[in-house]
Amino acid sequence: MNVDEEMISGRCTDAVFERGQSYRREGRIQQIGRFGDLVTATVQGTNLYDVTVKLSGDAADTHCTCPYDGAGDCKHVVAVLLDIAAGPPADESEGVEAVLDDVSPDDLRGFVRDALAEDAELCEQF
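About the cut-offs
Every residue gets a number counted from 1 within its own chain, in the order that chain's sequence is written. For this predicted model, a pLDDT threshold of at least 70 governs which residues receive local features, and a threshold of 80 or more governs which side-chain atom pairs are given and counted, while totals over whole chains, interfaces and linings are taken from all residues. Each side-chain value is worked out from all heavy atoms of the structure, with water and hydrogens disregarded. Points on a 1 Å grid, built from protein atoms alone, make a cavity when a 1.4 Å probe fits but cannot get out and make a pocket when they are open with protein on both sides within 12 Å along at least 5 of 7 lines; residues with an atom within 4 Å of a point are the lining residues. Grid points are joined across faces, edges and corners, and a volume is the space filled by probe spheres set on the points. Runs of H or I in DSSP of at least four residues are treated as helices and runs of E of at least two as strands, each being numbered from the N terminus. Side-chain classes follow a simple rule in which Ala, Val, Leu, Ile, Met, Phe, Trp, Tyr, Cys and Pro form the nonpolar group, Asp, Glu, Lys and Arg form the charged group, and the remainder, Gly included, forms the polar group. Only protein chains enter the accessibility calculation, which uses a 1.4 Å probe; a residue is then buried when its area is under 20% of its type maximum, exposed when over 50%, and partly exposed in between. The rule for pairing is simple: two strands pair if DSSP sees at least two bridges between them. Centres within 6.5 Å make a pair out of two Phe, Tyr or Trp rings, where for Trp the six-membered ring is used; the pair is then stacked when the planes are under 30 degrees apart, edge-to-face when over 60, and tilted otherwise. Here, a charge over a ring means that NZ of Lys or CZ of Arg falls within 6 Å of the ring centre while also lying within 35 degrees of the ring normal. The convention used is that axes are lines fitted to C-alpha atoms, helices contributing only their stretch in contact, and that angles between N-to-C directions extend from 0 to 180 degrees.

A. How the structure looks around the layout of surface pockets. As a volume, the largest pocket reaches approximately 380 Å³. Listed by contribution, the elements that provide at least two residues to the lining of the largest pocket are helix H4 (93–102), helix H5 (105–118) and helix H6 (120–125). Here the lining of the largest pocket takes six residues from H5, the largest share from any one element. A breakdown of the residues in the lining of the largest pocket according to their chemical character gives ten nonpolar, one polar and one charged.

B. Expanded view of the pairing of strand S3 (residues 48–56). Alternating positions in S3 separate cleanly, Tyr-49, Val-51, Val-53 and Leu-55 being buried on one face and Leu-48, Asp-50, Thr-52, Lys-54 and Ser-56 remaining unburied on the opposite face. For strand S2 (residues 38–44) and S3, the ladder comprises seven bridges, and the chain directions are antiparallel. Bridge pairing in S3 places Ala-41 opposite Val-51. In this structure, the hairpin formed by S2 and S3 is closed by a connection of three residues. The sheet contact formed by S3 and strand S4 (residues 59–64) spans six bridges and is antiparallel.

C. Main features of the packing of aromatic side chains. Scanning the entire structure with this criterion turns up zero aromatic pairs. Over the ring of Tyr-23 we find Arg-28; its NZ or CZ atom is 4.2 Å from the centre of that ring.

D. Expanded view of the pairing of S4. Residues Ala-60, Thr-62 and Cys-64 line the buried face of S4, whereas the alternating positions Ala-59, Asp-61 and His-63 sit on a face that is not buried. Connecting S3 to the next strand, S4, in antiparallel fashion are two residues, including Gly-57 with a positive phi near 55 degrees.

E. Quick peek at the environment of Cys-123. Note on placement: Cys-123 falls in helix H6. Remark: the alpha-carbon pair of Cys-123 and Ala-86, spanning 37 residues in sequence, is separated by 35 Å.

F. Highlighting the sheet that holds S2. With respect to topology, four strands assemble into an open sheet ordered S1-S2-S3-S4, the strand pairing being antiparallel. Edge positions in the sheet fall to strand S1 (29–35) and S4, since each has one partner strand and no second. Strand-to-strand twist in this sheet, taken as the mean axis angle between neighbours without regard to direction, amounts to 15 degrees.

So this is what it looks like as structure tokens:
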């Protein structure tokens with residue numbers, strides 16, 4: 001998918017687009033990473049908000065944990081999309097695959113078991 005300013009501005013109101021530009025310019029994106037077609041970020045607003053962007057084909061499925069309920073994407077999502085348009089983050093999936101290739105099944109099973117025991121949300125997803 002081609003993520004550019006025209007595509008992004010079509011997903012939100014003009015005011016939200018301007019706020020998203022400001023958020024990016026002000027450095028409010030605290031963390032951003034990519035695993036395949038999934039980009040995750042943390043954006044500082046009134047609180048820290050988690051943003052996910054799933055890029056597939058000619059569509060972008062976005063989600064933010066902020067309470068925005070207006071039309072289109074929120075300013076946090078817009079800031080992240082603008083950051084992607086400027087230069088997508090490096091895909092970390094290849095590095096993870098390389099690590100998984102080197103881990104024994106028993107070590108991987110133990111890691112997953114420990115991670116699931118410590119994180120109820122992850123356990124629920126699993």
